[in-house]
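# Observations on the three-dimensional arrangement
Next come the chains, spelled out residue by residue.
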Amino acid sequence: MSAWVLPDHIADVLPSEARHIEELRRQLLDTARGYGCELVMPPLLEHLESLLSGTGEALDLQTFKLVDQLSGRSMGLRADTTPQVARIDAHLLNRRGVARLCYCGPVLHTRPDRPHATREPLQFGAEIYGHAGLEADTEVLRLALDCLRAAGVKHPVIVDLADARIVRALFAGVPVDAATIARVHAALAAKDASALSDITKDFPAVAREGLLALPSLYGDAAVLDEAARVLPDTATMRQALSDLRQLAGRLEGARLSFDLADLRGYAYYSGMRFGIYTEGASDALVRGGRYDEVGAVFGRNRPAVGFSLDVRELVGVLPARPLRAAIRAPWSDAPGLGQSIAALRGQGETVVCVLPGHESEIDEFHCDRELIEQAGQWKVQSI
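Residues numbered from 1 in each chain as written. Predicted model: local features only at pLDDT ≥ 70, side-chain atom pairs only at ≥ 80, totals over all residues. Heavy atoms only, no water.

### Describing the overall build of the protein
Assigned secondary structure in the protein consists of 13 helices and 16 strands. Along the three orthogonal principal directions, the C-alpha set of the protein runs to about 90 × 50 × 50 Å. The buried share of the protein, reckoned over its 383 residues, is 46%. When contacts within the protein are restricted to residue pairs at least 6 apart in sequence, those whose partners lie at least 24 apart make up 68%. Summing over all exposed atoms, the protein offers an accessible surface of approximately 19,500 Å²; the carbon and sulfur share of this is 53%. For the protein, the separation between the mean place of its 41 positive charges and that of its 51 negative charges on side chains is 4 Å. (Helix = DSSP H or I, 4+ residues; strand = E, 2+ residues; numbered from the N terminus. Buried < 20%, exposed > 50% of the residue type's maximum accessible area, 1.4 Å probe, protein only. Contact = heavy atoms within 4.5 Å. Areas by Shrake-Rupley, 256 points an atom, 1.4 Å probe, with all protein chains shown as cover. Lys, Arg positive; Asp, Glu negative; His and termini not counted. Charge placed at Lys NZ, Arg CZ, Asp CG, Glu CD.)

Structure follows, in structure tokens:
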């Protein structure tokens with residue numbers, strides 16, 4: 001095999017796309033900062049027990065594992081940053097009030113999570129810790145939508161809402177093991193009514209009928225009325241459906257849909273969850289929700305809600321950006337040229353010095369101006 005061939009679903013990023021990704025990363029972080037989010041930078045590598053405790057099998061299977069040559073302990077390369085931010089909030093910051101945190105860095109997956117996906121996403125996310133009310137859920141959803149607007153997403157977006165409490169409420173009092181629950185979750189995610197019927201044939205009637213109803217409970221706001229009619233009338237169920245109605249009423253600038261059987265993503269979700277879709281994306285561009293129990297393993301089980309997206313995937317649905325405007329300058333030892341170039345660069349300009357013999361080459365920059373000498377002074381003029 002050639003030495004330059006990369007592993008499957010791993011790719012280099014070339015100049016134009018790399019510039020777009022970096023500019024987008026800055027725009028997203030600035031948008032989050034506008035909401036009061038503070039930047040944190042968790043390590044790419046840490047002990048396996050802190051990286052995976054309480055996160056479920058899906059994240060475990062996505063995590064690359066290795067042995068630390070210094071301590072002999074098992075370590076993992078993060079596949080998701082949320083558990084790390086929960087650790088920071090619980091163990092390092094340890095604040096009593098609200099903490100708004102954001103991050104942007106690479107994660108690694110053992111397998112692509114869908115066809116044609118990279119195994120090295122650049123994950124951006126924002127999270128609010130310390131507030132259990134719908135106000136935090138609403139803020140996170142609005143921030144996610146503002147991030148897409150700042151990125152330049154022009155197509156209409158669809159916010160798809162669900163709530164993890166609905167399925168949990170249907171399992172309440174049902175004596176089943178973890179393997180059976182996982183099978184039910186898989187059947188719900190695939191909307192496989194036949195498999196779901198077979199798996200739940202020995203369940204209590206109320207739980208079975210509720211689970212069998214879920215695959216058809218997707219669509220517009222009328223779904224919530226239908227869910228209230230066919231699902232068990234419990235306090236948890238009423239609260240989940242009421243919260244979804246209130247959230248829907250607080251969002252503007254996006255179409256809303258509901259999928260009450262949606263269980264995609266990691267197992268730490270405990271309440272409202274959402275995906276944001278747009279034209280050109282093969283799956284949700286953004287996923288998020290409430291995960292109040294994610295910090296429990298670190299000794300601090302407090303409210304948490306947030307979202308994440310892959311910056312590289314987001315770039316893939318945006319129009320390519322034009323070449324960066326630049327100033328072309330000669331390569332010369334002429335008096336004053338070096339100082340003029342340094343001054344322009346200090347003002348934020350890109351100045352490309354043309355090396356001898358390379359005057360006609362094309363690169364990443366569009367040189368729409370040039371630096372020329374006039375009467376002993378170096379001046380910029382349009383080309």
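### Digging into the pairing of strand β6 (residues 122-129)
Among the 8 residues that make up β6, 8 are buried, leaving the element largely enclosed by the rest of the structure. Both faces of β6 are covered, namely the face carrying L122, F124, A126 and I128 and the face carrying Q123, G125, E127 and Y129. Summarising the sheet, strand β5 (residues 99-106) and β6 pair through 8 bridges and their orientation is antiparallel. By the bridge assignment, L101 is partnered in β6 with E127. Here 7 bridges tie β6 to strand β12 (residues 304-310), and the two strands are oriented antiparallel to one another. Looking at the pairing, A126 lines up with F307 of β12. (Pairing = 2+ DSSP bridges.)

### Remarks on the sheet that holds strand β2 (residues 45-47)
A sheet is described by the order of its strands in space; here 3 strands give the open sequence β2-β4-β3, paired in antiparallel fashion. Both outer strands of the open sheet, β2 and β3 (64-67), are each paired with one neighbouring strand and no more. Averaged over all neighbouring strand pairs, the angle between strand axes comes to 35 degrees, with direction disregarded. Sheet topology note: the β3/strand β4 (residues 74-77) ladder contains 4 bridges and is antiparallel. Bridge pairing links V67 to S74 in β4. (Axes fitted to C-alpha atoms, helices over the stretch in contact; angles between N-to-C directions.)

### Overview of unusual backbone geometry
Non-glycine residue H9 carries a positive phi angle of around 65 degrees. If you trace the backbone, H9 turns up in the segment before α1 (15-34). For H9, a relative accessible area of 38% corresponds to the partly exposed category. A positive phi is found at A375, a non-glycine position, where the angle reads about 50 degrees. Along the polypeptide, A375 turns up in the loop between β15 (365-374) and β16 (377-382).

The analysis is restricted to geometry; functional conclusions fall outside its scope.
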